[in-house]
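# Breakdown of the fold
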Amino acid sequence: MEKVVIIGCGAYMDSGYGCPGEWRCLKAASFGEGKFDSPSSVVSFVKCECPGRSLAPNTGMAMKLSEIKPDAIHLSSCMVNAKPACPYATAEEMAKILQDKTGIPVVPGTHDYH
Ligand code: SF4
């Protein structure tokens, strides 16, 4: 089973109903739906906090402290498809920062649920 880290947009998680921290990302990972090719084990769920500067270090710390090297890092669908978009960075920019920092492939998105 693949091991994955999921990154959620904290600004949305703190204010949105049905936010990714509740079930969507987790269900998609559990059942191998949406952007997950197969049922996957979520080994970390990292919350981005505006303006996003702590995201890469916090993700690296989660990997270090958990002593688990994930197969992939998923940016939540609420980050990738946000409208209005994150004012600080595009999903592509965040993905590049995370990939450069961790060496782990970053997948844009998690689920297709509404
Ligand atoms: S920096 Fe962007 S992605 Fe991160 S919490 Fe703020 S709005 Fe969300």
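Residues numbered from 1 in each chain as written. Predicted model: local features only at pLDDT ≥ 70, side-chain atom pairs only at ≥ 80, totals over all residues.

## Focus on helix α2 (residues 24–31)
The complete set of buried residues in α2 reads Arg24, Cys25, Ala28 and Ala29. Projected onto a plane normal to the axis of α2, the buried residues spread over an arc of 130° and lie on a single side. Tucked into the core, α2 has its buried residues touching β1 (2–9) and β2 (40–48). Looking at the residues trailing α2, positive phi occurs at Gly32, about 70°. (Buried ≥ 20, exposed ≤ 12 C-beta atoms within 10 Å, placed from the backbone. Helix = DSSP H or I, 4+ residues; strand = E, 2+ residues; numbered from the N terminus. Arc of directions from axis to C-beta. Contact = placed C-beta atoms within 7 Å.)

## Some thoughts on the site of the ligand
The ligand sits among Cys9, Gly10, Ala11, Cys48, Glu49, Cys50, Pro51, Gly52, Met79, Cys86 and Tyr88. The residue inventory of the shell around the ligand, partitioned by class, reads 8 nonpolar, 2 polar and 1 charged. (Near = placed C-beta within 6 Å. Nonpolar A, V, L, I, M, F, W, Y, C, P; charged D, E, K, R; others polar.)

## Points about the packing of helix α3 (residues 55–66) against helix α5 (residues 91–102)
At their nearest, the axes of α3 and α5 sit 9 Å apart, and the two run at 40° to each other. For the element pair α3 / α5, the angle class is oblique. Taken as a pair, α3 and α5 cross one another with a handedness that is right-handed. Contact residues: Leu55, Ala56, Thr59, Gly60 and Met63 in α3; Met94, Ile97, Leu98, Lys101 and Thr102 in α5. When its residues are assigned to classes, the contact of α3 with α5 shows 6 nonpolar, 3 polar and 1 charged. (Axes fitted to C-alpha atoms, helices over the stretch in contact; angles between N-to-C directions. Parallel < 35°, antiparallel > 145°, perpendicular 65-115°, else oblique. Left-handed = near helix turned anticlockwise from the far one by under 90°.)

Remember, this is a structural readout, not a statement about activity or role.
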